[in-house]
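Each chain is listed here by its residues.
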Amino acid sequence: MEKDIEHLRETIRIAHRSREEGNHPFGATLVGPDGKILLSSGNTYEADKGVGHAEMNVAREASRLYTPEFLEQCTLYTSVEPCCMCAGACYWAGIGTVVYGMTEKRLAVLTGDNPENLTLDLPCETVFAAGQRRVETRGPFAELEEVVAEGHRGFWK
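Numbering of residues starts from 1 in every chain and runs along the sequence as written. Given that the model is predicted, a residue must reach a pLDDT of at least 70 before its local features are reported, and side-chain atom pairs must reach 80 or more before they are shown or counted; all residues, however, enter totals for whole chains, interfaces and linings. Values reported for side chains reflect all heavy atoms of the structure, with hydrogen atoms and water molecules removed beforehand.

Asks: Would you explain the packing of aromatic side chains in this entry?
Replies: The description of an aromatic ring pair uses the distance of the two centres, along with the angle that the planes make with each other. Stacked, edge-to-face and tilted labels apply to pairs of Phe, Tyr and Trp rings (six-membered ring for Trp) whose centres lie within 6.5 Å, assigned for plane angles under 30 degrees, over 60, and everything in between, in that order. Taken as a whole, this structure holds four aromatic pairs when the rule is applied. Between Phe26 and Trp156 the ring centres are 6.3 Å apart and the planes differ by 55 degrees, which places this aromatic pair in the tilted class. Pair noted here: Phe26 is in the loop between helix 1 (2-20) and strand 1 (27-31) and Trp156 is in the segment after helix 8 (142-150), with a separation of 130 residues, a long-range link. Accessibility expressed as a relative area gives 9% for Trp156, which makes it buried. Where Phe155 meets Trp156, the ring centres are 4.8 Å apart and the plane angle is 75 degrees; that geometry is what we call edge-to-face. Among the residues examined, Phe155 registers a relative accessible area of 21% and is labelled partly exposed. Ring pairing ties together the aromatic residues Phe26, Phe155 and Trp156, which thus form one cluster. Numbering goes from the N terminus for both helices and strands, where a helix is a DSSP run of H or I of at least four residues and a strand is a run of E of at least two. Remark: exposure states derive from per-residue accessible area (1.4 Å probe, protein chains only) relative to the maximum for the residue type, with buried under 20%, exposed over 50%, and partly exposed in between.

Okay, here's the thing in structure tokens:
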């Protein structure tokens, strides 16, 4: 649990950097079985528009660099619960565990009907449950939800 919090705090820092760079405030990291960060990404909306999600960026790069057998031992950390697109990317890449700080439902309250982030009411657990292999999830983390939410306040106008 302590390591989860530590890694989630890193995704929050990435999300803040992403926002400062003019992108949406999301961050993700891939952590190997030894606990070291292998990959990280913020959101890349400015370059990639609606598919430039942080989790998608990490999952795509992870699938290029590592085997599914290795990725099954890895954990993707993300500031906000992965949308169904990102959950699918994690599933197809072979990532074994996904940990998130705040739910997509809470994000929907913060973003409203902003056309740049039209959230779907489809929890990542539902996406993973539809698959043939198990993906473990942990989240949300109540002690971090307000910190994650703060990074979105004033952004979605």
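Asks: Honestly, the sheet that holds strand 4 (residues 97-102) in this entry has me stumped. Any pointers?
Replies: Pairing between the strands of a sheet comes from backbone hydrogen bonds, and it takes one of two forms, parallel or antiparallel. Reading across from one edge, 2-1-3-4-5 is the order of the five strands in this open sheet, with mixed pairing throughout. This sheet does not close on itself; its edge strands, each paired only once, are strand 2 (37-42) and strand 5 (136-138). Averaged over all pairs of adjacent strands, the angle between their axes in this sheet comes to 15 degrees, without regard to strand direction. Across four bridges, the pairing between strand 1 and strand 3 (residues 75-80) is antiparallel. Strand pairing is defined by DSSP finding a minimum of two bridges between the two strands. Angles here are taken between N-to-C directions and fall from 0 to 180 degrees, while the axes themselves are lines fitted to C-alpha atoms, restricted in helices to the stretch in contact.

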